[in-house]
Amino acid sequence: MRGIAALIVVMFHYNYFLKEGSAFIDIYNSLFSWGVIGVDIFFVISGFIMIYTTTNLKHGFASSRKFLMNRLLRILPVYYFGLIIAFLVGGAMSIFHYHDKLVNIISALTFTVYRNDITPHYIDDGSLYNIRWTLNYEMYFYLVFSICLFFRFRLLALAAWGLVAVVIAPVLSGFTPSLSTHGYAFEKPLYGLLTNPLILEFLIGVVCAYAFIALKKYHHSIKVNLLFAVAALLTAIYLIDGLINGYVHAVYIPSTIVVGFFLFSLCMAEPLIKKYIPNFLVRLGDISFSLYLLHTLVGILLFKRIGGLYTSDSYKILVVGIAVLISIVAAYFSHKYIEVKFVNYLKQKMSSKKALAKAINDAP
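Residues numbered from 1 in each chain as written. Predicted model: local features only at pLDDT ≥ 70, side-chain atom pairs only at ≥ 80, totals over all residues. Heavy atoms only, no water.

Focus: the packing of aromatic side chains
Then, number 1: The tally for this structure, following the rule as stated, stands at 30 aromatic pairs.
Then, number 2: Here the aromatic rings of Tyr79 and Tyr80 are separated by 5.2 Å at their centres, their planes lie at 70°, and the arrangement is edge-to-face.
Then, number 3: With relative accessibility at 27%, the residue Tyr80 sits in the partly exposed group.
Then, number 4: Taken together, Phe43, Phe67, Trp133, Tyr137, Tyr140, Phe141, Tyr142, Phe145, Trp161 and Phe202 form an aromatic cluster joined through their ring pairs.
Then, number 5: The cationic tip of Lys316 hangs over the ring face of Phe17; the distance from NZ or CZ to the ring centre is 5.5 Å. (Phe/Tyr/Trp six-rings, centres within 6.5 Å; stacked < 30°, edge-to-face > 60°. Buried < 20%, exposed > 50% of the residue type's maximum accessible area, 1.4 Å probe, protein only. Lys NZ or Arg CZ within 6 Å of the ring centre and 35° of its normal.)

Structural data, given as structure tokens:
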């Protein structure tokens, strides 16, 4: 599902190139304009995975620290690699001659927000490394989750966070509770991000994870597998038809609940359907984070270089096909050498330093 989510986000962004000056704008929009729902899928999966992978961790500082360090190592190296490329592609040193560009690069480096007129992004979504807005929410969720790991009852702690952030804090500030991901009209962008109902998408994934853990004992029942395989198929048909025909919306909490049920159904049906899942999608899921981070950079470079040579739709489709292929190849190498090898190297270095420090402290 991460592979599919990454691909539809890629096509959502490349759609802007495809439909420019085309006679087939309506067709392209019906096929790709809803691709931002890939972000919803990523957020739900993130909430699910955080619970599922920490279910056996004891509450306390050690678990919190371990979780946070693992997530930072997972995110930061490849993120800053992509940011360096974006910096070079975006004009490098000339950025420092423009105040808005300077503010944007500082925002990108520090995971901070500065626009309250562009929601739910809270950054300039048309400039340097614009896809990073989702990582602001990811980092926010990781920090909250690491704090919740101090508590024995994680679900209650996360539910309390959701209630305080999305309902209580806005009400105390004079706003009417809302599920709109346009967020609350706080003067400060940071307050807008911290209270934006979009964070509920992580909690949808959390609830799905707890439901799966509770029902996992039925995971190997053929009848249960078949039931949820049918449920997943029907839900997928509903989502696809709804997105194309406009009654299901991306970045919309009620629709994300359906996405959550779809992912939960897939998990419950996994023993039955896993042999039918193409290996390509599994590999695409592995490299999905790098693909998400790098595809816009590939698109910018390619569309500027060769995108305007011809104006025919067939030529544009060819260019987009090349861009998708190059993005996947770039993501493969980024995943292999940065997400895996470089991160493992950092973990080994950190483990060696810990072992050395322990040996020194234990020495007589």
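Now that the structure has been shown, the text picks up again.
Some thoughts on the packing of helix α9 (residues 200-215) against helix α11 (residues 253-268)
Then, number 1: It is at 9 Å that the axes of α9 and α11 come closest, and there the two elements cross at 30°. Here α11 runs roughly parallel to α9, going by the angle between their axes. Judged by the sense of rotation from one axis to the other, the crossing of α9 with α11 is right-handed. Residues Leu200, Glu201, Ile204, Cys208, Ala211, Phe212 and Leu215 of α9 touch α11, and the partners they reach there are Ile253, Thr256, Ile257, Gly260, Phe261, Phe264, Cys267 and Met268.
Then, number 2: Considered class by class, the residues forming the contact of α9 with α11 number 12 nonpolar, two polar and one charged. (Axes fitted to C-alpha atoms, helices over the stretch in contact; angles between N-to-C directions. Helix = DSSP H or I, 4+ residues; strand = E, 2+ residues; numbered from the N terminus. Parallel < 35°, antiparallel > 145°, perpendicular 65-115°, else oblique. Left-handed = near helix turned anticlockwise from the far one by under 90°. Contact = heavy atoms within 4.5 Å. Nonpolar A, V, L, I, M, F, W, Y, C, P; charged D, E, K, R; others polar.)

Things to note about the pattern of salt bridges
Then, number 1: Taken as a whole, this structure holds three salt bridges when the rule is applied.
Then, number 2: Of the charged contacts, one joins Arg115 and Asp117 as a salt bridge, the two residues approaching to 2.8 Å between their closest N and O atoms.
Then, number 3: Looking at Arg115, the relative accessible area reads 25%, which means it is partly exposed.
Then, number 4: For Arg283, the salt bridge identified is with Asp286, shortest N-O distance 3.5 Å. Of this pair, Arg283 and Asp286 both sit in helix α13 (residues 279-286), three residues apart, roughly one helical turn.
Then, number 5: Assessed through its relative accessible area of 31%, Asp286 is described here as partly exposed. (Salt bridge = Lys/Arg side-chain N within 4 Å of Asp/Glu carboxyl O.)

What to know about the packing of helix α3 (residues 37-54) against helix α6 (residues 133-148)
Geometrically, a packed helix pair is captured by the angle between its two axes and the distance between the axes.
Then, number 1: Contact geometry for α3 and α6: axes closest at 11 Å, N-to-C directions at 20°. Compared by their axis directions, α3 and α6 come out roughly parallel. As for how α3 packs across α6, the hand of that crossing is right-handed. The residues of α6 that touch α3, namely those facing Val39, Phe42, Phe43, Ser46, Gly47, Met50, Ile51 and Thr54, are Trp133, Thr134, Tyr137, Glu138, Phe141, Tyr142 and Phe145.
Then, number 2: The class makeup of the residues in the contact of α3 with α6 is 10 nonpolar, four polar and one charged.

Focus on the side chain of Arg132
Then, number 1: In this fold, Arg132 is placed in the loop between α5 (99-110) and α6.
Then, number 2: Buried within the structure, Arg132 lacks any salt-bridge partner; its nearest side chain of opposite charge belongs to Asp124, at an N-O separation of 8.3 Å.
Then, number 3: In this structure the side chain of Arg132 is engaged in a polar contact, spanning 2.9 Å, whose partner is the side chain of Asn104.
Then, number 4: A distance of 2.8 Å separates a polar atom in the side chain of Arg132 from a polar atom in the side chain of Ser107.
Then, number 5: Once you skip the residues sitting within four places of it in the chain, Arg132 turns out to touch Tyr79, Asn104, Ser107, Ala108, Tyr114 and Ile123. (Lys, Arg positive; Asp, Glu negative; His and termini not counted. Polar contact = N/O pair within 3.5 Å; in protein donor to acceptor, adjacent residues only side chain to side chain.)

A few points about the environment of Arg71
Then, number 1: Along the chain, Arg71 turns up in helix α4 (residues 61-89).
Then, number 2: Spatially, the C-alpha atom of Arg71 lies 9.8 Å from that of Glu138, the residues being 67 residues apart in sequence.
Then, number 3: With near-sequence residues (within four places) excluded, Arg71 lies in contact with Met50 and Tyr142.

Digging into the confidence of the model for the protein
Then, number 1: Per-chain confidence: the protein averages 92 in pLDDT, with 96% of residues scoring 70 or above.
Then, number 2: Averaged pLDDT values over the elements of the protein bottom out at 87 in α5 and peak at 97 in helix α8 (residues 189-195). (pLDDT = per-residue confidence, 0-100.)

Side note on the environment of Leu233
Then, number 1: Secondary-structure assignment places Leu233 in helix α10 (residues 222-245).
Then, number 2: Since its relative accessible area comes to 53%, Leu233 is described here as exposed.

Here we look at the nonpolar core
Then, number 1: Membership of the largest hydrophobic core comes to 104 residues, with the highest contact counts inside it found for Tyr79, Tyr129, Tyr137, Phe141, Leu158, Trp161 and Leu293.
Then, number 2: Apart from residues lying up to four places away in sequence, Leu158 is in contact with Ile51, Phe141, Val144, Phe145, Cys148, Leu203 and Val206. (Core = buried A, V, L, I, M, F, W, Y, C linked by side-chain atoms within 4.5 Å.)

Some remarks on α10
Given 3.6 residues per turn, any residue in an α-helix points the same way as the ones three and four places further on.
Then, number 1: Counted at 1.5 Å a residue, the expected span for α10 with its 24 residues is 34 Å, and the 34 Å between its end C-alpha atoms agrees.
Then, number 2: Along α10, the positions that sit buried rather than exposed are Val224, Asn225, Phe228, Ala229, Ala231, Ala232, Thr235, Ala236, Leu239, Gly242 and Leu243.
Then, number 3: On its buried side, α10 packs onto α3, α11 and α12 (270-273).
Then, number 4: Residue Gly246 follows α10 closely and has a positive phi angle near 90°. (Expected span 1.5 Å × (residues − 1).)

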